[in-house]
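For reference, the chains in residue letters:
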Amino acid sequence: MAKLKKEELLEMYRKMEDIRNFDNKVNQLVRRGEVPGMTHFSVGEEAANVGAIAGLEKGDLITSNHRGHGQSIAMGIDLNGMMAEIMGKANGVCKGKGGSMHIADVDAGNLGANGIVGGGMGIAIGAALTQKMKNTGKIVVCCFGDGATNEGSFHETLNMAAIWNLPVIFYCINNGYGISTPISSVMRTKHVYERAAAYGVPGVFIEDGNDLLAVRETMDKVIKDVRAGKGPVLVEAISYRWYGHSTSDPGKYRTKEEVDEWKKKDPILKFRNYLLDKKLAKAEELDAIEAASHKAIDAAVEYGRKGPEPSPESAFEDIFTE
Ligand SMILES: Cc1ncc(C[n+]2csc(CCOP(=O)(O)OP(=O)(O)O)c2C)c(N)n1
Ligand SMILES: [Mg+2]
């Protein structure tokens, strides 16, 4: 990987901090009854999100799934608008009508989170076909979880992307579970990336998806190949969600020991220690980034609280295009 500048390293650190602090704050708001609907957190998967997206260019696109907060933040969404959206307020990025599971931010390249498992895949290859036909030089990253790789849409869209040689990366964050179902109990191959062979596309494995620079380095190479017109790639990054599947999950199917073991593999701490060991940043600089992140998120909560509820009439707006 080309040597990253200090600003780039710190920017990735900031985004990981924002993802963690944002979701921890949303968790508190859910408990206070300030968030309507269900919410899924990206805590624990910060490196897998930021490392995959940080190497994209302006104009590149992503699709996301129900666990999309990390990807939205990695793409550079405005935190105020995102928090207001999750709180169901009219000053949210989707005017309060999407909520946590349907955040889209087209200007920043995020074509949308999706409550339907596998639902982003058709959108991703459609967007990739557009890039190819219009010769834009831009690519699409289709983000999903291990559970989604048992959906028909995964197999259909991977096949279609392969035969049309589309500029799309199928990016799977394998956190070991689809709700309470261990992926090992519903898939006979050991790894998700092996499934690529069935469609004649490369499968790439990121064994430690909590290692930000490992994710970045691998994804930068894949991005380069896909942009060069070599066709789709399936990438699997291993990570873990620290919290329950959603805010309504007590998580009885995992042992405390398993969760604690993964907390020891904290992706943010890992990157922080790397920056300090290599003398690429000082502890005070990283502490300042963390403090600024908390401040920005507190401000986002205030922005959301001040926002009006969407009006009943707005339910009929933005449905059809002129
Ligand atoms: C088509 C469809 N089937 C089932 C569900 C219910 N559901 C929501 S999330 C989920 C598990 C998804 O697991 P995975 O893709 O691994 O993502 P993770 O939650 O682990 O990030 C399921 C079964 C759904 N939303 N859509
Ligand atoms: Mg999963």
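Cut-offs and rules
- Residues numbered from 1 in each chain as written.
- Chains lettered and ligands numbered in written order.
- Predicted model: local features only at pLDDT ≥ 70, side-chain atom pairs only at ≥ 80, totals over all residues.
- Heavy atoms only, no water.
- Helix = DSSP H or I, 4+ residues; strand = E, 2+ residues; numbered from the N terminus.
- Rg over C-alpha atoms; globule rule 2.2 N^0.38 Å.
- Buried < 20%, exposed > 50% of the residue type's maximum accessible area, 1.4 Å probe, protein only.
- Contact = heavy atoms within 4.5 Å.
- Areas by Shrake-Rupley, 256 points an atom, 1.4 Å probe, with all protein chains shown as cover.
- Lys, Arg positive; Asp, Glu negative; His and termini not counted.
- Charge placed at Lys NZ, Arg CZ, Asp CG, Glu CD.
- Near = heavy atom within 4 Å.
- Polar contact = N/O pair within 3.5 Å; in protein donor to acceptor, adjacent residues only side chain to side chain.
- Nonpolar A, V, L, I, M, F, W, Y, C, P; charged D, E, K, R; others polar.
- Patch = residues over 30% accessible without salt bridge, like charges linked within 9 Å, V, L, I, M, F, W, Y side chains within 5 Å.
- Salt bridge = Lys/Arg side-chain N within 4 Å of Asp/Glu carboxyl O.
- Donors = N, O, S within 2.8 Å, 3.2 Å for Na, K, Ca; no water.
- Pairing = 2+ DSSP bridges.
- Right-handed = clockwise from strand over helix to strand, strands pointing away.
- Axes fitted to C-alpha atoms, helices over the stretch in contact; angles between N-to-C directions.
- Parallel < 35°, antiparallel > 145°, perpendicular 65-115°, else oblique.
- Left-handed = near helix turned anticlockwise from the far one by under 90°.
- UniProt positions renumbered as here; feature names shortened; annotations may be inferred.
- Core = buried A, V, L, I, M, F, W, Y, C linked by side-chain atoms within 4.5 Å.

Colleague: Could you give an account of the overall build of the chain, naming the residues involved and the relevant values?
Modeller: Within the chain, the regular secondary structure consists of ten helices and seven strands. What you see for the chain is a C-alpha radius of gyration of 19 Å, in line with the 20 Å of a compact globule of 322 residues. Based on the C-alpha atoms only, the size of the chain along its principal axes is roughly 55 × 50 × 40 Å. The 322 residues of the chain split such that 52% are buried. Sequence separation of 24 or more characterises 74% of the internal contacts of the chain that already satisfy a separation of 6 or more. With an accessible surface of roughly 15,000 Å², the chain has 54% of that area assigned to carbon and sulfur atoms. The distance from the centre of the 40 positive side-chain charges to the centre of the 44 negative ones in the chain is 3 Å.

Colleague: Any details on the site of ligand 1? Residues and values, ideally.
Modeller: Residues in close proximity to ligand 1 total 15 residues, the closest being His66, Arg67, Gly115, Gly147 and Tyr177. Within the backbone of Ala148, an N or O atom sits 3.1 Å from an oxygen atom of ligand 1. At a separation of 3.4 Å, an oxygen atom of ligand 1 approaches a polar side-chain atom of His245. When isolated, ligand 1 has an accessible area of 590 Å², and the protein chains bury 73% of it. Its residues placed into classes, the shell around ligand 1 shows five nonpolar, seven polar and three charged.

Colleague: Quick rundown of a nonpolar patch on the surface? Include the residues and the values.
Modeller: Where nonpolar side chains cluster on the molecular surface, the patch consists of Met160, Ile163 and Trp164 and spans about 310 Å² of accessible area. Note on Trp164: relative accessible area 39%, which makes it partly exposed.

Colleague: Lay out the coordination of the magnesium ion (ligand 2) in plain terms, naming residues and giving numbers.
Modeller: Only Asp146 (OD), Asn175 (OD1) and Tyr177 (O) from the protein reach the magnesium ion (ligand 2) as donors, at distances of 2.1 to 2.2 Å. Along the chain, the residues donating to the magnesium ion (ligand 2) are arranged with the sequence spacing D-x28-N-x1-Y. Of this pair, Asp146 sits in the loop between β2 (140-145) and α6 (152-163) while Tyr177 is found in strand β4 (residues 177-178), placing the two residues 31 residues apart along the sequence. Each member of the pair, Asp146 as well as Tyr177, is classed as buried.

Colleague: Describe the pairing of strand β6 (residues 203-206), naming the residues involved and giving the relevant values.
Modeller: In this structure, β6 lies alongside strand β7 (residues 233-238), joined through four bridges in parallel fashion. If you follow Phe205 over to β7, its bridge partner there is Glu236. The β-α-β motif built from β6, the intervening helix α7 (residues 212-227) and the parallel element β7 has right-handed crossover chirality.

Colleague: Report on the packing of helix α1 (residues 6-31) against helix α2 (residues 46-53), specifying residues and quantitative values.
Modeller: One way to put it is that α1 packs onto α2 with a least axis distance of 9 Å and a crossing angle of 140 degrees. In terms of their interaxial angle, α1 and α2 are classed as oblique. The element α1 and its partner α2 pack so that their crossing is right-handed. The residues of α2 that touch α1, namely those facing Met12, Lys15, Met16, Ile19 and Arg20, are Glu46, Ala47, Asn49 and Val50. Looking at side-chain class alone, the contact of α1 with α2 contains five nonpolar, one polar and three charged residues.

Colleague: Outline unusual backbone geometry, supporting the account with residue identities and numerical values.
Modeller: Even without being a glycine, Asn135 presents a positive backbone phi close to 55 degrees. Among the secondary structure elements, Asn135 is positioned in the loop between α5 (119-134) and β2. Even without glycine at this site, Asp318 takes up a positive phi of about 60 degrees. Checked against the element boundaries, Asp318 lands in the segment after α10 (283-306). Judged by relative accessible area, which is 55%, Asp318 ranks as exposed.

Colleague: Can you tell me about the UniProt feature "domain: Dehydrogenase E1 component" (unreviewed entry) in the chain, naming the residues and giving the values?
Modeller: When the UniProt feature table is mapped onto this chain, "domain: Dehydrogenase E1 component" (unreviewed entry) is found at residues 14-312. What you have in residues 14-312 is 42% helix and 10% strand, and the ends, taken at the C-alpha atoms, are 37 Å apart.

Colleague: Outline the nonpolar core, supporting the account with residue identities and numerical values.
Modeller: Side chains of a nonpolar character, in soluble globular proteins, are inclined to be buried together. One finds Phe22, Met83, Ile169, Tyr171 and Met219 to be the most contacted residues of the largest nonpolar core, which totals 56 residues. Ranked by the residues each element gives to this core, the list is headed by α1, at ten residues. Beyond its immediate chain neighbours, meaning those up to four positions away, Met219 contacts Gly51, Ala52, Val141, Ile169, Tyr171, Ile206 and Val235. Within the second largest apolar cluster, 25 residues are counted, among which are Leu166, Val168, Ala196 and Val201.

Colleague: Can you tell me about the pairing of β2, naming the residues and giving the values?
Modeller: In terms of burial, β2 is largely enclosed, as six of its six residues are buried. Residue alternation in β2 divides its side chains into two sets, Val140, Cys142 and Phe144 and Val141, Cys143 and Gly145, and both sets are buried. Pairing analysis gives three bridges linking strand β1 (residues 61-63) to β2, with the strands arranged parallel. The residue of β2 that forms the bridge with Ile62 is Val141.

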